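Report on the structure
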Amino acid sequence: MSPRAIITGTGRAIPPKVVTNFDLEKLMNTTDEWIQQRSGIRERHWAEDGVGSSDLAAEASLKAIAAAGIDKSEIDFIVAATIAPDHYFPGIGVMVQAKLGLGTIGALDIRNQCSGFIYALSVADQYIRTGTYKKVLVCAAEVQSHNLDLSDAGRDMAVLFGDGGAAVILEPNPADDGRGVLSTHLFSDGRFMRDLWMEAPASGRKPTFGPSFLDERKYFPHMDGKNVFKNASERMPEAVLQALAANGLAVADVDLLIPHQANDRISQMVAKKLQIPLEKVGRNIERYGNTTAASIPIVLDEMVQEGRLKRGACLVLTSFGSGFTWASAVIRW
Ligand SMILES: CC(C)(COP(=O)(O)OP(=O)(O)OC[C@H]1O[C@@H](n2cnc3c(N)ncnc32)[C@H](O)[C@@H]1OP(=O)(O)O)[C@@H](O)C(=O)NCCC(=O)NCCS
């Protein structure tokens, strides 16, 4: 039997600077009331100039490594997810490898936006199951605040997103006790890529950075909020039900559901559709905003620290985001 992958350590890295809805009121035509009513967000964290996603990923990774009680030299593979890499290329995986001073191990970058963490987890899980790697670092980090349109034109996006990073360590479960990642389900529908995207820089455009690049402002993320909302609140419950069915589990078996923190109204709708009581749903968007790939592992780390996950608990993750991509995972903790 191939071993199951267990999460042996978690960590998070949150930039210290807090930006409240009232702070945003001073930058654009918005109100605390509008933001809270539509999204449930009160505040988010913004990284200082000079701090990139790889810095948050590296900081969170060190914490996850410490929590797992291993030496960083034991890490034998890195999977890193972000939509906001420090540079156009290379991705942040190699930057984490170098910042942590690891050996010349493989570093894979995942570009699946808000589903990035579950996609990354899925890849790492396959490596553990096949016995290829024994200690895989999965990290996700986002510094989005440095490229938000803070004018009124960009207020729909600007108020939702925040910065943060988190990481987990995956190792094979040495015991045959049923614990570990039971399944991951990944989905995409690229027909809707324009409903949540950053159009430029675009490699198909020659020259990529032409004279009109700055004027066109296509380097700011753009979203059709209503369609994202509609699809997110349908796809996440579907993905959860599919995951539970694949494992012979029922909704009542779920001890903790952590949905991607896109918008608290979406999380509440997902819970309602699944008929999962809100006490069993991990929610922290109020304090962080939407941290894209990092949102699920940030909640996970908080839940671990709060002692919310007992050994053997059924943990379900689900995400939806740009692509569209969506995903689910079931973990026996
Ligand atoms: C963005 C979102 C909060 C908007 O909520 P909504 O109820 O759909 O609001 P609407 O789009 O109908 O906008 C209502 C009005 O508020 C305005 N508005 C948009 N952003 C605003 C802001 N930050 N402050 C104040 N008003 C704002 C709009 O311009 C619109 O004005 P109009 O009626 O004069 O045109 C919501 O669509 C959403 O959460 N979508 C999903 C977002 C998401 O999860 N993205 C990431 C997915 S991973």
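Refer to the preceding data block for the structure.
Keep in mind it's a predicted model, so treat the numbers as computed, not measured.

The rules behind these values
Residues numbered from 1 in each chain as written. Predicted model: local features only at pLDDT ≥ 70, side-chain atom pairs only at ≥ 80, totals over all residues. Heavy atoms only, no water. Axes fitted to C-alpha atoms, helices over the stretch in contact; angles between N-to-C directions. Helix = DSSP H or I, 4+ residues; strand = E, 2+ residues; numbered from the N terminus. Parallel < 35°, antiparallel > 145°, perpendicular 65-115°, else oblique. Left-handed = near helix turned anticlockwise from the far one by under 90°. Contact = heavy atoms within 4.5 Å. Salt bridge = Lys/Arg side-chain N within 4 Å of Asp/Glu carboxyl O. Buried < 20%, exposed > 50% of the residue type's maximum accessible area, 1.4 Å probe, protein only. Pairing = 2+ DSSP bridges.

Let us look at the packing of helix H3 (residues 53–68) against helix H4 (residues 92–99). The N-to-C vectors of H3 and H4 enclose an angle of 50°; their axes lie 9 Å apart at closest approach. As judged from the angle between their axes, H3 and H4 are oblique. Relative to H4, the crossing made by H3 is right-handed. Within the contact between the two elements, H3 uses Ser 53, Ser 54, Asp 55, Ala 57, Ala 58 and Ser 61 and H4 uses Ile 92, Met 95, Val 96 and Lys 99.

As a further point, take the pattern of salt bridges. Taken as a whole, this structure holds 17 salt bridges when the rule is applied. Taking the shortest distance from any N to any O, the salt bridge between Asp 189 and Arg 191 comes out at 2.6 Å. Relative accessible area serves as the criterion here: at 11%, Asp 189 is assigned to the buried category. The partner of Glu 216 in a salt bridge is Arg 205, with the nearest N and O atoms 2.8 Å apart. You can see Glu 216 sitting in helix H7 (residues 213–216) and its partner Arg 205 sitting in the loop between strand S9 (196–197) and H7, a full 11 residues away along the chain. Looking at Glu 216, the relative accessible area reads 33%, which means it is partly exposed. Residue Arg 205 is classed as partly exposed on the basis of its relative accessible area, which comes to 36%. By sharing partners, the salt bridges in this structure join Glu 199, Arg 205, Glu 216 and Lys 218 into a single network.

A word on the sheet that holds strand S1 (residues 5–13). Spatial strand order, S1-S7-S6-S4-S5: 5 strands in an open sheet with mixed pairing. Looking at the sheet topology across the chains shown, the edges are occupied by S1 and strand S5 (106–110). Between one strand axis and the next, the sheet turns through 20° on average, direction left out of account. Sheet analysis places strand S4 (residues 77–81) next to S5, joined by 5 bridges and oriented parallel. When the bridges of S5 are listed, Ile 78 appears paired with Ala 107. Contacting S1, strand S6 (136–142) and strand S7 (164–172), H3 crosses the sheet at an angle of about 130° to S1. Across the sheet, helix H11 (residues 295–305) touches S1, S6 and S7, and the angle it forms with S1 is around 100°.

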